[in-house]
Amino acid sequence: MSAFDSRLELIAAAEYFYKQGWMVGTAGNLSARLPDGSFWITASGKSKGNLNLTDFVKITPDGAVEFPSNDLKPSAETAIHQTIYKLFPEAQACYHVHSIEANLVSRFVEGDTLLLPPLEMLKGFNIWQENLNITLSIFPNHLDVSKIAIEIEDRFQIVPPQIPALLIRDHGVTVWADSTEKARNFIELIEYIFRYIVAASQTGVKINPYV
Ligand SMILES: CSCCC(=O)C(=O)COP(=O)(O)O
Ligand SMILES: [Zn+2]
């Protein structure tokens, strides 16, 4: 194991997200890219609250899977991580979690984009503009994950995302960043925004056309 092993960052982030209730019941998957273009990803079906170094598989740039031990399968959503790394070469980490708020908010609109409230927190995504009009892309939760990945690639090649995040309806959110630290921050930021949207809908605070 090198002096710095990004799996340790993924383990710590997963434990924290698990404690927030965002990765319960094995939900979610985290990955971090390596200098050679391969990436570590959480193995499928693992409890995210107490991962260890052997709970990861390595995906090579050509899509081959390297198993540190033979009873592992790569995350069922590896194709989404591969698509993100292909679309965004600067991405070094891709995190996916399942919060209740993400699932509720995914049903606040019927279309494929969600207008985000003009919150100060958007500066956390390096959005520095007046009259914020930031949307988040929503994708159908196809049973076949590769179909989700194809739709992500097709849409983002035509309309690049305004923030490094996407929402899969009735499922969860995925973010990407140029470091594991930023990816963790982006999950916290988007989940804060989701909690705000849900709370606003319950308190009658008018934030955008959908509540
Ligand atoms: C109970 S989680 C269902 C699968 C899923 O959506 C997920 O994020 C975890 O899948 P993985 O194969 O990475 O464990
Ligand atoms: Zn998922």
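Where an unreviewed UniProt entry is consulted, the protein appears under the name Methylthioribulose-1-phosphate dehydratase, with the organism given as Floridaenema evergladense BLCC-F167. Among the UniProt annotations of the protein, the heading Function (unreviewed entry) holds the following wording: "Catalyzes the dehydration of methylthioribulose-1-phosphate (MTRu-1-P) into 2,3-diketo-5-methylthiopentyl-1-phosphate (DK-MTP-1-P)."

On to the packing of aromatic side chains, then. Think of a pair of aromatic rings as described by two things: how far the centres are apart, and how the planes are tilted against each other in angle. One pass over the structure, following the stated rule, counts nine aromatic pairs. With a centroid separation of 4.9 Å and an interplanar angle of 40 degrees, the aromatic rings of phenylalanine 125 and phenylalanine 186 are classed as tilted. Of the two residues, phenylalanine 125 sits in the loop between strand 6 (113-115) and strand 7 (135-139) while phenylalanine 186 sits in helix 5 (residues 180-203), which places them 61 residues apart along the sequence. Using a relative accessible area of 9% as the deciding quantity, one classes phenylalanine 186 as buried. Aromatic side chains phenylalanine 156 and tryptophan 176 sit 6.0 Å apart centroid to centroid with 50 degrees between the ring planes, which places their arrangement in the tilted category. Taken together, the positions of phenylalanine 156 in helix 4 (residues 145-158) and tryptophan 176 in strand 9 (residues 172-177) put the pair 20 residues apart, joining distant regions of the chain. Side by side, phenylalanine 156 and tryptophan 176 carry an identical accessibility label, which is buried. By way of ring pairs, the aromatic residues Tyr16, Phe17, Trp22 and Tyr95 are connected into one cluster. The residue whose ring lies beneath arginine 155 is phenylalanine 139, and the NZ or CZ to ring-centre distance is 3.9 Å. One residue, arginine 184, lies across the ring of tyrosine 16, its end atom 4.4 Å from the ring centre.

Any two packed helices are characterised by how steeply their axes cross, that is the angle between the axes, and by the distance between the axes. Running from amino to carboxyl end, helix 2 (residues 78-87) crosses helix 4 at an angle of 20 degrees, the nearest separation of the two axes being 8 Å. The angle between the axes of helix 2 and helix 4 places the two elements in the roughly parallel class. Considering only the axes of helix 2 and helix 4, their crossing is right-handed. Taking contact as the criterion, the partners of Ala79, Ile80, Thr83, Ile84, Lys86 and Leu87 in helix 2 are, on helix 4, Val145, Ser146, Ile148, Ala149, Ile152, Glu153, Phe156 and Gln157. Here the residues of the contact of helix 2 with helix 4 are counted per class, giving nine nonpolar, three polar and two charged.

Take the UniProt feature "binding site: Zn(2+)" (unreviewed entry) in the protein next. Those residues carrying the UniProt feature "binding site: Zn(2+)" (unreviewed entry) are His96 and His98 in this numbering. Tracing the backbone shows histidine 96 in strand 5 (residues 93-97). If you trace the backbone, histidine 98 turns up in the loop between strand 5 and helix 3 (100-105). Residues in contact with histidine 98, not counting those within four places in the same chain, are Gly21, Trp22, Ala27, Gly28, His171 and Gly172. Looking at histidine 98, its side chain comes within polar contact range of the side chain of histidine 96, at 3.0 Å.

Two side chains bearing opposite charge may form a pair once their charged atoms approach each other closely. Per the stated rule, a full pass over the model turns up eight salt bridges. The partner of arginine 7 in a salt bridge is aspartate 5, with the nearest N and O atoms 2.6 Å apart. Residue classification places arginine 7 among the buried positions, given a relative accessible area of 10%. For aspartate 5, a relative accessible area of 5% corresponds to the buried category. Arginine 107 is the partner of aspartate 170 in a salt bridge, and the nearest nitrogen-oxygen pair spans 2.6 Å. You can see aspartate 170 sitting in the loop between strand 8 (165-168) and strand 9 and its partner arginine 107 sitting in the loop between helix 3 and strand 6, a full 63 residues away along the chain. In this structure aspartate 170 comes out as partly exposed when scored by relative accessible area, which is 40%.

Take the nonpolar core next. Counting 45 residues, the largest nonpolar core has Tyr95, Leu116 and Ile190 as its most contacted members. Elements with a contribution of two residues or more to this core: helix 1 (6-20), strand 1 (29-33), strand 5, helix 3, strand 7, strand 8, strand 9 and helix 5. With 21 residues, the next largest nonpolar core counts Leu72, Ile84, Phe88 and Val145 among its residues.

What follows concerns the coordination of the zinc ion (ligand 2). The reference angle at a metal is 109.5 degrees if four donors form a tetrahedron and 90 or 180 degrees if six donors form an octahedron. Distances from the zinc ion (ligand 2) to its protein donors, namely Glu77 (OE), Glu77 (OE), His96 (NE2), His98 (NE2) and His171 (NE2), fall within the range 2.1 to 2.7 Å. Taken in chain order, the donor set of the zinc ion (ligand 2) reads E-x18-H-x1-H-x72-H.

What counts and how
Position numbers for residues start from 1 in each chain and track the written sequence from start to end. Written order decides the labels, with chains lettered from A and ligands numbered from 1. Residue-level local features of this predicted model are given only where pLDDT is at least 70; pairs of side-chain atoms are given and counted only at 80 or more, and the full residue set underlies all totals for whole chains, interfaces and linings. Here the side-chain values reflect all heavy atoms present in the structure, with hydrogen atoms and water set aside. UniProt positions are given in the numbering used here, feature names are shortened, and annotations may be inferred rather than shown by experiment. To pair, rings of Phe, Tyr and Trp, with the six-membered ring standing in for Trp, must have centres within 6.5 Å; the planes then decide the type, stacked if under 30 degrees apart, edge-to-face if over 60, and tilted in the middle. Strands here mean DSSP runs of E at least two residues long; helices mean DSSP runs of H or I at least four residues long; both are numbered from the N terminus. To sort residues, take the accessible area from a 1.4 Å probe on protein chains only and compare it with the maximum for the residue type: under 20% means buried, over 50% means exposed, and anything in between is partly exposed. For a lysine, the NZ atom is tested; for an arginine, the CZ atom; a charge sits over a ring if that atom is within 6 Å of the ring centre and within 35 degrees of the ring normal. Axis lines are fitted through C-alpha atoms, for helices just across the contact stretch, and the angle between N-to-C directions can take any value from 0 to 180 degrees. Each angle gets one of four labels, with under 35 degrees taken as roughly parallel, over 145 as roughly antiparallel, 65 to 115 as roughly perpendicular, and the rest as oblique. Here a crossing is taken to be left-handed if its near helix is turned anticlockwise relative to the far helix by less than a right angle, and right-handed if that turn runs clockwise. In what follows, residue pairs with any heavy atoms lying within 4.5 Å of each other are defined as contacts. Charged means Asp, Glu, Lys or Arg here, nonpolar means Ala, Val, Leu, Ile, Met, Phe, Trp, Tyr, Cys or Pro, and polar covers whatever is left, Gly included. Side-chain atoms alone can form a polar contact between residues adjacent in sequence; in general such a contact is a pair of N or O atoms within 3.5 Å, and within protein one must be able to donate a hydrogen while the other accepts it. Salt-bridge detection follows one rule: a side-chain nitrogen of Lys or Arg within 4 Å of a carboxyl oxygen of Asp or Glu. Here, nonpolar core means buried Ala, Val, Leu, Ile, Met, Phe, Trp, Tyr and Cys residues that are tied together by side-chain atoms lying within 4.5 Å of each other. Counted as donors are the N, O and S atoms within 2.8 Å of the metal, or 3.2 Å for Na, K and Ca, while water is not among the atoms, so some sites may look incomplete.

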